[in-house]
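As a plain string of letters, each chain reads:
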Amino acid sequence: DGFMTRTAEMVPGVADAISLVHKYRGDDEAAERARGFSLMRNLGSDGGFTKTAELLPGSNIVVALMMEARGDHKEAKQALNL
(Lines give C-alpha, C1' and ligand atoms only; values in the text may rest on other atoms or scores of the structure.)
Protein backbone atom coordinates (compact mmCIF):
# COMPACT_ATOMS: atom_id res chain seq x y z
CA ASP A 1 0.00 0.00 0.00
CA GLY A 2 2.96 2.29 -0.50
CA PHE A 3 3.24 5.23 -2.85
CA MET A 4 4.99 3.23 -5.59
CA THR A 5 2.42 0.43 -5.44
CA ARG A 6 -0.51 2.81 -5.68
CA THR A 7 1.15 4.61 -8.58
CA ALA A 8 1.81 1.33 -10.40
CA GLU A 9 -1.83 0.33 -9.87
CA MET A 10 -2.83 3.16 -12.20
CA VAL A 11 -1.09 1.53 -15.19
CA PRO A 12 -3.41 -0.83 -17.08
CA GLY A 13 -1.88 -4.28 -17.31
CA VAL A 14 0.38 -3.68 -14.32
CA ALA A 15 -2.77 -3.11 -12.26
CA ASP A 16 -4.00 -6.60 -13.20
CA ALA A 17 -0.82 -8.20 -11.87
CA ILE A 18 -0.84 -6.12 -8.68
CA SER A 19 -4.50 -6.97 -8.14
CA LEU A 20 -3.62 -10.67 -8.23
CA VAL A 21 -0.81 -10.13 -5.70
CA HIS A 22 -3.16 -8.26 -3.37
CA LYS A 23 -5.77 -11.00 -3.70
CA TYR A 24 -3.17 -13.71 -3.03
CA ARG A 25 -2.12 -11.88 0.15
CA GLY A 26 -5.75 -11.59 1.26
CA ASP A 27 -6.03 -7.81 0.91
CA ASP A 28 -9.40 -7.62 -0.87
CA GLU A 29 -9.72 -3.84 -0.53
CA ALA A 30 -6.39 -3.20 -2.27
CA ALA A 31 -7.22 -5.82 -4.93
CA GLU A 32 -10.49 -4.03 -5.71
CA ARG A 33 -8.69 -0.67 -5.88
CA ALA A 34 -6.17 -2.07 -8.39
CA ARG A 35 -8.93 -3.76 -10.39
CA GLY A 36 -10.38 -0.29 -11.09
CA PHE A 37 -7.50 0.31 -13.53
CA SER A 38 -7.67 -3.14 -15.11
CA LEU A 39 -6.67 -3.52 -18.76
CA MET A 40 -9.87 -5.41 -19.54
CA ARG A 41 -11.96 -2.69 -17.92
CA ASN A 42 -10.29 -0.09 -20.16
CA LEU A 43 -10.62 -2.23 -23.28
CA GLY A 44 -14.25 -3.18 -22.65
CA SER A 45 -17.08 -1.69 -24.69
CA ASP A 46 -17.45 1.19 -22.20
CA GLY A 47 -13.72 1.47 -21.41
CA GLY A 48 -11.64 4.57 -21.74
CA PHE A 49 -9.38 3.22 -24.50
CA THR A 50 -12.35 2.06 -26.53
CA LYS A 51 -14.21 5.36 -26.19
CA THR A 52 -11.08 7.30 -27.19
CA ALA A 53 -10.48 5.06 -30.20
CA GLU A 54 -14.08 5.60 -31.32
CA LEU A 55 -13.38 9.33 -31.59
CA LEU A 56 -10.19 9.04 -33.65
CA PRO A 57 -10.70 9.04 -37.42
CA GLY A 58 -10.32 5.55 -38.86
CA SER A 59 -9.77 3.76 -35.57
CA ASN A 60 -13.51 3.75 -34.92
CA ILE A 61 -13.80 1.23 -37.77
CA VAL A 62 -11.37 -1.11 -35.99
CA VAL A 63 -13.32 -0.73 -32.75
CA ALA A 64 -16.59 -1.43 -34.58
CA LEU A 65 -15.11 -4.60 -36.12
CA MET A 66 -13.90 -5.80 -32.70
CA MET A 67 -17.31 -5.18 -31.14
CA GLU A 68 -19.09 -6.89 -34.02
CA ALA A 69 -16.81 -9.92 -33.63
CA ARG A 70 -17.78 -10.10 -29.93
CA GLY A 71 -21.46 -9.93 -30.86
CA ASP A 72 -22.09 -6.38 -29.59
CA HIS A 73 -24.06 -5.29 -32.65
CA LYS A 74 -25.57 -2.19 -31.03
CA GLU A 75 -22.20 -0.99 -29.69
CA ALA A 76 -20.55 -1.62 -33.09
CA LYS A 77 -23.17 0.49 -34.83
CA GLN A 78 -22.69 3.25 -32.26
CA ALA A 79 -18.91 3.22 -32.83
CA LEU A 80 -19.44 3.95 -36.52
CA ASN A 81 -21.67 6.96 -35.86
CA LEU A 82 -19.61 10.12 -35.56
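Scroll up to find the structure.
Let us look at the structure shown here.

Here we come to the side chain of Ser-38. Structurally, Ser-38 is set in the loop between helix 3 (28-35) and helix 4 (39-43). Of the polar contacts made by the side chain of Ser-38, one reaches the side chain of Asp-16; its length is 2.8 Å. Those residues within four positions of Ser-38 in sequence are excluded, and the remaining contacts are Ala-15 and Asp-16.

Okay, helix 2 (residues 14-25) next. Structural remark: α-helix, 3.6 residues per turn; residues separated by three or four positions point the same way. The end-to-end C-alpha separation of helix 2 is 17 Å, in line with the 16 Å expected for twelve residues at 1.5 Å each. Residues of helix 2 that are buried include every one of Ala-15, Ile-18, Ser-19 and His-22, and no others. For helix 2, the angular spread of buried residues about the axis comes to 105°, placing them on one side. More than 90 degrees from the buried face of helix 2, the exposed residues found are Leu-20 and Tyr-24. Each element contacted by the buried residues of helix 2 is listed here: helix 1 (3-8) and helix 3.

Criteria and thresholds
Residues numbered from 1 in each chain as written. Predicted model: local features only at pLDDT ≥ 70, side-chain atom pairs only at ≥ 80, totals over all residues. Heavy atoms only, no water. Helix = DSSP H or I, 4+ residues; strand = E, 2+ residues; numbered from the N terminus. Polar contact = N/O pair within 3.5 Å; in protein donor to acceptor, adjacent residues only side chain to side chain. Contact = heavy atoms within 4.5 Å. Expected span 1.5 Å × (residues − 1). Buried < 20%, exposed > 50% of the residue type's maximum accessible area, 1.4 Å probe, protein only. Arc of directions from axis to C-beta.

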